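Survey of secondary and tertiary structure
Residue strings, one per chain:
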Amino acid sequence: MQSDTYAEVVMQRCDALASCTEEPSRITRPFATPAMACANALVAGWMRDAGMTVHQDTIGNLVGRYAAATPSAPTLLLGSHLDSVRDAGRYDGPLGVLAALACVQQLHDSGTRLPFALELYAFADEEGVRFHSTYLGSSAVAGRFAPATLERTDADGMSMAAAIRAFGGDPMRLAEAARTPDDLLGYVELHIEQGPVLEALDLPVGVVTAIAGQSRIAVTFQGMAGHAGTVPMQLRRDALCAAAEFVLAVEAQARSTAGLVATVGQINAEPGASNVIPGIVTLLLDVRHQDDATCLTACQALRSSAEQIAQARQLTLGWELVQASAAVQCNMRLAELLAQAVEAGGIRAHRLPSGAGHDAVALAALVPVAMLFVRCAGGISHNPAEAVTQADVAAGIMVLGRFLHLLAAARPTDTKSV
Ligand code: GLV
Ligand code: MN
Ligand code: MN
């Protein structure tokens, strides 16, 4: 079978996974929900069909293993995530899992064993939608899961520990999901680009050089709720007006700093009625840059802005760093092999950084990582309009498959040493 036929299956499977959702008319698949269990069950079946042994680890990642030619061989990790944002597209995450699965299926169909085992991770949480903390699944694998995170609660008041338990995991045994680097060659992830660069260059795939660092901050303005009809404007301590000023300060900061992107993606005003002055407003702020120092400086400047806005309006400010991840450099040797695989397929190897976060960020604490991007229609992602073509998916599968053979031709110990 050609990559095209495998790509057709990947497209069909992305469609099938779209039916695993907690909101019937749109894709919303948060961590450790019945919608995730639905996705894990489908993918587990497909992994078994591709000759893999399958288990779910203690945090809820689905793991398929395709054995090497020899029992004591090292292992290469492949993967991406199966959770989604709210009202998501169907390719962010699943495409990487299913394209890697297609490569394993190709090996299985041709009776090929590599000099290393392949372990395919379908990570349980990359987006952080449910608990506002990203990379839960991949952090556990990297041995970097922060136990304090288990006490976080979701919008319904359920703790993360309880959610993991309800999903069949064990919050007390997360250490068992952690891998040690000794027998691992690295981690390679295929992902939809989620930006417009490859489309502008008319290229189906691109090799990732680095992944931007990011900080997620919960900002709270606390003023005083009051009657919308009786409290004169100059006597108000309106938390939502402060938040509005702050949102524009965030935009101004990002516009005036080269390469900085900053977003307020969620805002909650309490008590939340048209005839009540908002007393408390919480915003979720996301700040990213390829350079960690620039990201930090921007966060500090934004905190000063928030303090000034709060002071001028006699409000109190809460500033909680929910999560921070440093920028990650992809491994040069693995990226070079990916580029060779791209060129072997007759495609110009374009290298580009990633502004989006990926499971590779968490895995980079454990092993060398590399990523391959697949062109994204209009650069649209985190949106149901997210789209890829079957031809581009075929190119992605072809490149990943060639990469595996190039790596097999190199001595695994050489790869480890870079
Ligand atoms: C993950 O999709 C991110 O927020 O970059
Ligand atoms: Mn995403
Ligand atoms: Mn993703």
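Report on the accompanying structure. (Residues numbered from 1 in each chain as written. Chains lettered and ligands numbered in written order. Predicted model: local features only at pLDDT ≥ 70, side-chain atom pairs only at ≥ 80, totals over all residues. Heavy atoms only, no water.)

For the manganese ion (ligand 3), every protein donor is listed as His-81 (NE2), Asp-92 (OD) and His-191 (NE2), and the spread of their distances is 2.1 to 2.3 Å. The motif formed by the donor residues of the manganese ion (ligand 3), counted along the single chain, is H-x10-D-x98-H. A separation of 3.5 Å is found between the manganese ion (ligand 3) and the manganese ion (ligand 2), both of which receive a donor from Asp-92. Linking His-81 in strand β3 (residues 75-81) with His-191 in strand β5 (residues 184-192), this pair joins segments that are 110 residues apart in sequence. The class of His-191 is buried, set by a relative accessible area of 1%. (Donors = N, O, S within 2.8 Å, 3.2 Å for Na, K, Ca; no water. Helix = DSSP H or I, 4+ residues; strand = E, 2+ residues; numbered from the N terminus. Buried < 20%, exposed > 50% of the residue type's maximum accessible area, 1.4 Å probe, protein only.)

Here we come to the nonpolar core. Counting residues in each nonpolar core, the largest one holds 107 residues, and the members touching the most others are Val-43, Leu-76, Leu-118, Phe-403 and Leu-404. Ranked by size, the runner-up nonpolar core spans 24 residues in total, among them Leu-260, Val-281, Cys-299 and Leu-302. (Core = buried A, V, L, I, M, F, W, Y, C linked by side-chain atoms within 4.5 Å.)

With 15 residues, helix α1 (residues 3-17) should reach 21 Å at 1.5 Å per residue; the first-to-last C-alpha distance of 21 Å fits that figure. Those residues of α1 that fall on the buried side of the exposure criterion are Ser-3, Tyr-6, Ala-7, Val-10, Met-11, Arg-13, Cys-14 and Leu-17. Projected down its long axis, α1 carries its buried residues within an arc of 165 degrees, all on one side. Where α1 is buried, its residues contact α2 (34-49), α3 (94-109) and α11 (390-409). (Expected span 1.5 Å × (residues − 1). Arc of directions from axis to C-beta. Contact = heavy atoms within 4.5 Å.)

This brings us to the state of the cysteines. Cysteine pairs can be covalently joined through their sulfur atoms, and such a bond is termed a disulfide. Taken as a whole and assessed by the stated rule, the structure comprises one disulfide. One disulfide bridge connects Cys-20 with Cys-38, the sulfur atoms lying 2.0 Å from each other. In this structure, the disulfide formed by Cys-20 and Cys-38 twists by about -60 degrees around the S-S bond and is classed as left-handed. Here Cys-20, found in the loop between α1 and α2, pairs with Cys-38, found in helix α2; they are 18 residues apart in sequence, far enough to count as distant. Sulfur of Cys-376: no disulfide; nearest cysteine sulfur belongs to Cys-14 and is 13 Å away. The exposure class assigned to Cys-376 is buried, which follows from its relative accessible area of 0%. (Disulfide = S-S within 2.5 Å.)

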